[in-house]
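The residues making up each chain are set out below.
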Amino acid sequence: MSLYLQFAVLGLAAGAVYSALAVGLIAVYRATGILNFAAGAMSAWGAYTFASLRGSGDLVLPVGRIHVGVLALGPALAIGVATAAAVGLLSHWLVFRPLRRSPALAQVVASVGLMIVMQALEVVRFGGQAAYVTAILPSGTVHVLGASLSVGALLIAGIACLLALGAGAYFRFTRLGVATRAGAEDELALRLMGHSPDRLAAIVWGASIGLGGLVITLASPTVGLNPTIYTWAVIPALAVALLGRLVSIGTGCASGLALGSFQALVQFLATKSWWPDWAVTGVQDAVPFAVVVVALFVFGPRMPSRGSLGEIRLPKVTVPQLRPPVVLGTVAAGALAIVLTSGGTRFGVLTSMILVLLAMSYVVLTGFLGQISLAQLAFAGVAGFALSKLTTGWHIPFPLSILVCSSLAALVGIAVGIPAVRIRGAQLAVVTLALAVSVESFVFNNPKLTPLSGNKIADPKLFGADLAVRSGADLTRLVFCFTVLAIVVIFTLLAAQLLRGDTGRAFLAVRSNERAAASVGINVAWCKLAGFAVSAFLAGSAGTLIGYSRGQLSADSFTALTGVSLLAIVYLGGIGGISGAVVAGVTGPLGVVYTVLNDSINMGEYYVLVTGVGLVVTAIFNPIGVAGATREHWDGLVARVRARRSGSAADDRPARAEELVTEHGR
Amino acid sequence: MVRRLRQLRSIRDTIAPGALALLAVTAIGATGCGSDSSSKGAAAASAAAKLTGTPIKIGFLDPSVGAGGITQPAPGAKAAVDQINANGGVNGHPISLKACKVDQTPEKNISCANSFVQDGVVAVVDGFDTGSGAVLPILHSAKIPLVGALAFTPEFETDVAGSYSFGANQATFAIGPLQSFKQQGFNTVAFTQADVPASRGYYEGFIVPAARSFGLTFKPVYFPRDSPDFQTIASTLVATHPDIAGSAGLADEGKCTALVSGLRNAGDDKPIFAGFCTQYLKQLGAKAGTTEVYSSVWLPEMRQYAPPAVQQQLDTAVNALKSVPDGQKGYYTYATYAAVMTLGKVLGTVHGTVDSASLVAALKATKNMPAVLGPPITCDRKVWPRSSTCTQGLLVAQAQPDGSLKPLGSGFETVSPALVPKPPSK
């Protein structure tokens, strides 16, 4: 029994981090209505600054560094917390303030982009390996009920509780805190009373990230400090914040500490002989996912939403038109790109084509149906891993293998879509991100599913013809590329046909207003499940093509971070249409643009950073993406030419019924 | 040891075709000492510029990017290439190192493999990237060998068709320390490792059955790769009451330090096994207590216990890596340096045109060649069944109060394949 108590207390250090981040998440949500996925990565900057000031004596900035000499504990801690607070303030002024009246998708995308930027920046500026942090709190133990309890962990938990009490007191007893809460109910009234919601939000942003940085700094000698640990700590933190219904700071704090203790107990119990083998891997990551799903299923419909000024515009959607010249031209361009390239560049073209299919899954689910999913790559992974089993174990032939594996992914998509029936917006993003992390840990990394020699995939063959991706020094065979092009074109056209018909209109109606859609006879639940199924099928088919093009797969092909980065790329391209998916495919990771750029200027570790920055900037200044902006410019040009020809003012009425639907769908 | 040195000398004398290359590489020891790094670098560049032969292209998978990326190997590879070129290259041909950054993902490794094939490299050196198994289908197809200081992935380990590891195989690294623990009188061992299929396969496929065959009780503790809490992990290890705790191979020095520190904080006063790590020795000092490590090559911390010839090689290596800050070099730097230097020696044995086919032939013909900083290598595939390894030797060493690492036993210890437990019959 004493051992259980000892581990429960040990887990309080990680629990304190969850608590501090959860309190910050709740505070920011109350002040701005934004769920900040970047909270952990932003706060960790403070801990890195502290470690650097205590180690090399450098104050590391995003660009450049100042050598100030090795500092004593107090000044180093103060500067660390101050830099974390500065990161919070800057993100408010530069990113989230301009997005206050943007749709939830833009806010989620910006927040996810910031998470990518901060993690990449920490890798580039401080290195990818774990940093050594000297102990700050006493490392001894006290003996209670026969157990040796860590003094450090108890102190960190106490500090996290004090900070939570302080945050609660701020919102309850101070004039500014009460005003912040009032702003969550009615921002217009708050402005009329002479308060500035922006200034109130800035206080909350600075304080929440700064104090998160303080707790992470205190916990880092015990828990560790590396670029991934606190980036992903946001998931358990979101889980416990949701348990507190994004309102209760006390519940968030207590649940965070309890979750940390529970995870430490699981770590200990997993070494016992009676613990099932299959439940050893990833179970600690699966627990927060279960908490998120249960919390949202129970509390989801009663979660408070923030009052806002004016109508929130949804991102523009372009209904597919499928004009034969455009379709044939695009396919011909793809074929030409295959023929005119060779070796690694052709492999880049191949990857781009597969990414188009993956991007289409985002267009269907997020662009048309308005469901923010961060688990698309998990769907692709499910199909990819299934492909390995089916082709090497059961010898299922191509192309039946693709259909079977994609259908399996669709079934998983439907299962994930069930929570979406009750929740939406950023909360759904939380569920899908937690799912992506837990599937990565619990399924893809599970040794029961992955043999020692890796997940190998048999080369595709059709009627005896070898369709393998490579042969000898020919890295990317034409026959494989054209097979992939054919599959991508067929599935994309089928998806486009679906989106331009009744189903697509129903999706748009659900995206615009679920109640209004239901009132005109649209089955909202069916629409959501169908959207998840179609989207997961497309992602799954992309996963199988990734598998065939690689020859073998591992969990690292389908990490949650890669999935999040892909959403970034699709959003950059334009999530509201097929053209956006094509742009995303061309510019996506390891696609043709990346390959060419990497060959000429080695982007290396900066690619992720550039992607993240591009995502944030796009979310702020160009929410319709590259394809959308290009289309708008093109439409404007055509209108001007027409006006000049006819000598009259350009007719700006929507030319087609589909566009009318889109406009009204806003 | 004297007998081994004599054996090595006689073997060296018998390898006539590689005499020129051996001369070039052994000359390194004489030229490296005493000069400062900048003048030496300039001299190296000047010497390389004088080489008129066609450059021999070698690919290098540099695992330095991404979260979890390790920066130690790249300086080792570069220093080795500079050194070979400064000493006449390979039979007059300079080596051109084509480094490609990878981040443990198969995608980046595949992208790099494609570029290596396009560049026409004759071999690819793996810099300890956990995703490097993904390059094998591409390299196989192009008949380019994968070479490395260690078979760091299961795919590399089992790829007898096209991979060559200049360090001992996974079974040796599993059994060697256990053999040593048994000799030291330990009965219970508790190791931790990231919970990913490769390490689970290594622990449960090699270490657990080997420990059983030695009569040792082995307790594995797995942790989530992206969110390890080392204090909890250390306490979990301590709760199993081991005679020695630690890890068989954390690639991240920071994690090693956190683990050793966590074990001491958890009240563990018994020996700790720190795998390939060495930086914790400087970071924790006396607080680290009694610790043991293993290695596939002689390290600078072992210099005083190494044979004279190896001491000279170590001095050369240390000098070549002088410009790399202390905190950024360790086992992975020296092992990569040694692997590239050894590859240079093998390349020197190639007759006529150097390409991937002639290199593979030279690798297969390599018998008892003294590796730089390591044991002799024989790459005829008979060293260990179904393994890409070219040697069986490994060093197990104990940290001394002066910060040095003293090998246990008489230097490189070998493990017999007969010690590998047979898998249970179905």
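Structure: above.
Throughout what follows, the structure given in this document is the object of discussion. (Residues numbered from 1 in each chain as written. Chains lettered and ligands numbered in written order. Predicted model: local features only at pLDDT ≥ 70, side-chain atom pairs only at ≥ 80, totals over all residues. Heavy atoms only, no water.)

## Some remarks on the interface of chain A and chain B
Cut-off, in case you're wondering: Note on definitions: a residue-residue contact is assigned when non-hydrogen atoms from the two residues lie within 4.5 Å. Computed with a 1.4 Å rolling probe, the buried area is the accessible surface lost when two parts are put together, summed over both parts. Salt bridges, as used here, are contacts in which a Lys or Arg side-chain nitrogen is within 4 Å of a carboxyl oxygen on Asp or Glu. Polar contact is defined as a pair of N or O atoms within 3.5 Å, subject to the rule that within protein one atom must be able to donate a hydrogen and the other to accept it, and that residues adjacent in sequence are counted only when both atoms are side-chain atoms. Just so you know the grouping, Ala, Val, Leu, Ile, Met, Phe, Trp, Tyr, Cys and Pro go in nonpolar, Asp, Glu, Lys and Arg go in charged, and all remaining residues, Gly too, go in polar.
With 57 residues of chain A at the contact, the number on the chain B side is 58 residues. A buried area of about 4,800 Å², summed over both sides, lies between chain A and chain B, and 56% of it is on carbon and sulfur atoms. Across the chain A-chain B interface, the total number found is zero salt bridges. Linking chain A with chain B are three residue pairs in polar contact (both at pLDDT 80 or more), by the criterion used here. Considering only residue class, the side of chain A that touches chain B consists of 23 nonpolar, 27 polar and seven charged.

## Quick word on the sheet that holds strand E4 (residues 146-148) of chain B
Residue and element names in this part refer to chain B. Note the cut-off: Two strands pair if DSSP finds at least two bridges between them. Working definition: helices are DSSP H or I runs of at least four residues, strands are E runs of at least two. Numbering for both runs from the N terminus. Here the axes come from fitting lines to C-alpha atoms, over the contacting stretch only for helices, and the angles between their N-to-C directions go from 0 to 180 degrees.
Pairing is parallel in the open sheet, where five strands are placed in the order E2-E1-E3-E4-E5. Both edges of this open sheet fall to strand E2 (95-101) and strand E5 (163-165), since each of them pairs with a single strand only. Between one strand axis and the next, the sheet turns through 25° on average, direction left out of account. Where strand E1 (residues 56-62) and strand E3 (residues 123-126) come together, four bridges link them in parallel fashion. Paired with Ile58 across the two strands is Ala123, which belongs to E3.

## Observations regarding the nonpolar core
Note the cut-off: Within this scheme, the nonpolar core is defined by two criteria: the residues are buried Ala, Val, Leu, Ile, Met, Phe, Trp, Tyr or Cys, and they are joined through side-chain atoms within 4.5 Å. Classification of residues uses two cut-offs on accessible area relative to the type maximum, computed with a 1.4 Å probe and protein chains only: under 20% is buried, over 50% is exposed, and between them is partly exposed.
Membership of the largest hydrophobic core comes to 227 residues, with the highest contact counts inside it found for Phe37(A), Tyr230(A) and Leu350(A). Residues contacting Phe37(A), with those up to four places away along its chain left out, are Val108(A), Ser111(A), Val112(A), Met115(A), Val234(A), Leu238(A), Leu374(A), Ala426(A), Ala429(A), Val430(A) and Leu433(A).

## Structural notes on the environment of Val396(B)
All names here are of chain B. With respect to the helices and strands, Val396 occurs in strand E13 (residues 395-399). Look at Val396 and you get buried, because its relative accessible area is 4%. Residues Val396 and Tyr222 lie 174 residues apart in sequence; the distance between their C-alpha atoms is 23 Å.

## Some details on the state of the cysteines
Short version of the rule: A pair of sulfur atoms, both from cysteines and within 2.5 Å, is called a disulfide here.
Within this structure, the stated rule accounts for three disulfides over all chains. Residue Cys256(B) pairs covalently with Cys277(B) via a disulfide, S to S 1.9 Å. Here Cys256(B) and Cys277(B) share a disulfide; its torsion about the S-S bond, 70°, makes the bridge right-handed. Remark: Cys277(B) occurs in the loop between strand E9 (272-273) and helix H12 (279-284) and Cys256(B) occurs in helix H11 (residues 253-265); sequence separation between them is 21 residues. In this pair, the class of Cys256(B) matches that of Cys277(B), namely buried. The partner cysteine of Cys379(B) in its disulfide is Cys390(B), sulfur to sulfur 2.2 Å. Residues Cys379(B) and Cys390(B) share a disulfide whose torsion about the S-S bond is about 120°; that sign makes it right-handed. Of this pair, Cys379(B) sits in the loop between strand E12 (376-377) and E13 while Cys390(B) sits in the loop between E12 and E13, and the two are eleven residues apart along the sequence. Side by side, Cys379(B) and Cys390(B) carry an identical accessibility label, which is buried. For chain B, the disulfide bridges join cysteines in the arrangement 1-2, 3-4, 5-6, where the cysteines are counted in sequence order. Note on Cys481(A): no disulfide assigned, nearest cysteine sulfur contributed by Cys112(B) at a separation of 19 Å.

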